[in-house]
Amino acid sequence: MRDRGEEDVLLGSLLPDGVRWAEGTGEPDGPCPYPEEEALMARAVPGRRREFAAARVCAHRALAALGAAPGPLLRGRRGAPAWPARTVGSITHCAGYRAAAVAPAARLLALGIDAEPHAPLPPGVRGAVAFGPEEAWLRRAAAGRPDLAWDRLLFSAKESVYKAWSGYGGAWLGFEDAEVSWWPGTDTAPDGMLGWRPGTDTAPDGIAADRDRDASNPLSSAPDTAPDGHPPRPARARAGRLRAAGRFRARLLVDPPPPAPVGPHPFPRVLDGRWLAREGLLLTAVAVPHPVPPPHRTAPKEHP
């Protein structure tokens, strides 16, 4: 597993100050840091055990950066990691990538991260992920930026929302229980889609695109063709050269869970997140801050 340096950070660009994180790429290797963790995957196939171990290594590195005492990271509710007391965190892995992020519970109510391969969802899955206005928005987004796997990005955003919700102590949250929208730029397009219009390469806040373009790059003109008459590049290969980033907002359509032991504040109904498409990956993150108390107002003095 290769540790990523500061010059090629992925997850860290999506997280606020105070969050500690670790990520790695390449083929996973080596066992879990603790025998108790290895025992959790005793019945899993070898590939699944290696991915689990590599993700646990990231989690321990993030916890060490936070100053947490070393020890095995076991499973809690519904199989999620049982993070140390007064700590919130999230963990993710997919083929060729794994990461973890942690923060003091005094700083964040909850945290959720997710990584996915940058490729469209398998047939039949999209209908179980997109609901209401999301489906119409996906069609508009695909028409404007067909090189982005918007349905997989929606899936990832809802996974991050679910992980934050579950880590706080919420019960089951289905894909239909959260409605995701995408923040427009300051120069909003007529259809409200990301402040980006066909025919342009960039948009305010870097939301539409941030990819390298040159005359020899097939992505800069026709994504489904290649120069010199060669066959089109596979979608995953094309996605590997794409860079895009932005923000999203999730509105919960169910009642939030009651205040968790990590703090007295209720879970909000609206969550803000960030996303990134880069190196053939889609990453999303949701960091739920503590609510800001209203300013204290003193009663006006009565004059005699």
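Only a predicted model underlies this, so the values are computations on that prediction, with no experimental measurement involved. (Residues numbered from 1 in each chain as written. Predicted model: local features only at pLDDT ≥ 70, side-chain atom pairs only at ≥ 80, totals over all residues. Heavy atoms only, no water.)

Participant: I'd like to hear about the sheet that holds strand β6 (residues 178-182), residue by residue, with values.
Facilitator: With antiparallel pairing, the five strands of this open sheet are ordered in space as β5-β9-β8-β7-β6. Two strands in the sheet have a free side with no partner beyond their single neighbour: β5 (108-117) and β6. Here the strands of the sheet are splayed against their neighbours by 25° on average, with no regard to which way each runs. The sheet strands contacting helix α4 (residues 150-168) are β5, β6, β7 (243-252), β8 (270-278) and β9 (281-289), and the helix crosses β5 at an angle near 150°. (Pairing = 2+ DSSP bridges. Helix = DSSP H or I, 4+ residues; strand = E, 2+ residues; numbered from the N terminus. Axes fitted to C-alpha atoms, helices over the stretch in contact; angles between N-to-C directions. Contact = heavy atoms within 4.5 Å.)

Participant: Describe the packing of aromatic side chains, listing the residues and the values that go with them.
Facilitator: Inspection of the entire model under this criterion finds 10 aromatic pairs. Look at Trp-150 and Trp-275: their rings are 5.9 Å apart centre to centre, the planes differ by 70°, and that puts the pair in the edge-to-face class. Taken together, the positions of Trp-150 in helix α4 and Trp-275 in strand β8 put the pair 125 residues apart, joining distant regions of the chain. By relative accessible area, Trp-275 is classed as buried at 0%. Ring geometry for Tyr-168 versus Phe-267: centroids 5.0 Å apart, planes at 50°, classification tilted. Remark: Phe-267 occurs in the loop between β7 and β8 and Tyr-168 occurs in helix α4; sequence separation between them is 99 residues. (Phe/Tyr/Trp six-rings, centres within 6.5 Å; stacked < 30°, edge-to-face > 60°. Buried < 20%, exposed > 50% of the residue type's maximum accessible area, 1.4 Å probe, protein only.)

Participant: Kindly report on unusual backbone geometry, identifying the contributing residues and their values.
Facilitator: One non-glycine residue, Arg-86, lies in positive phi territory at about 65°. With respect to the helices and strands, the residue Arg-86 is situated in the loop between α2 (46-66) and β3 (87-94). Overall, the relative accessible area of 70% leaves Arg-86 in the exposed class. Residues other than glycine seldom take positive phi values, yet Glu-279 does so here, at roughly 55°. Position of Glu-279 relative to the elements: it lies in the loop between β8 and β9.

Participant: I'd love a proper account of the pattern of salt bridges, names of residues and values included.
Facilitator: For the structure on display, the rule yields 10 salt bridges. As a salt-bridge pair, Arg-152 and Glu-116 come within 3.7 Å of each other at their nearest N and O atoms. One end of the pair, Arg-152, is in helix α4; the other, Glu-116, is in strand β5, with 36 residues separating them in the sequence. Note on Glu-116: relative accessible area 9%, which makes it buried. (Salt bridge = Lys/Arg side-chain N within 4 Å of Asp/Glu carboxyl O.)

Participant: Tell me about α2, residues and numbers included.
Facilitator: Along an α-helix, residues three or four apart share an orientation, since each turn contains 3.6 residues. Taking 1.5 Å per residue as the helical rise, α2 with its 21 residues ought to reach 30 Å, and the 30 Å between its terminal C-alpha atoms agrees with that figure. The complete set of buried residues in α2 reads Phe-52, Ala-53, Ala-54, Ala-55, Arg-56, Val-57, Cys-58, Ala-59, His-60, Ala-62 and Leu-63. In this structure, the buried residues of α2 make contact with β2 (20-25), α1 (35-40), β3 and β4 (97-104). Once α2 finishes, Gly-67 follows within two positions and takes phi at roughly 90°, a positive value. (Expected span 1.5 Å × (residues − 1).)

Participant: Break down the nonpolar core for me, citing the residues and quoting the values.
Facilitator: Residues Trp-150, Val-161, Trp-182, Phe-248, Phe-267, Trp-275 and Val-288 are the most contacted members of the largest nonpolar core, which totals 36 residues. Contributions of two or more residues to this core are made by β5, α3 (133-144), α4, β6, β7, β8 and β9. The element contributing the most residues to this core is α4, with 10 residues. When residues no more than four places from it in sequence are discounted, the contact partners of Phe-267 are Ala-110, Ala-164, Trp-165, Tyr-168, Leu-252, Pro-256, Pro-257 and Val-288. (Core = buried A, V, L, I, M, F, W, Y, C linked by side-chain atoms within 4.5 Å.)

Participant: I'd love a proper account of the side chain of Arg-278, names of residues and values included.
Facilitator: By the element assignment, Arg-278 lies in strand β8. Looking at Arg-278, the relative accessible area reads 13%, which means it is buried. Side chain to side chain, Arg-278 and Glu-279 meet in a polar contact 3.4 Å long. (Polar contact = N/O pair within 3.5 Å; in protein donor to acceptor, adjacent residues only side chain to side chain.)

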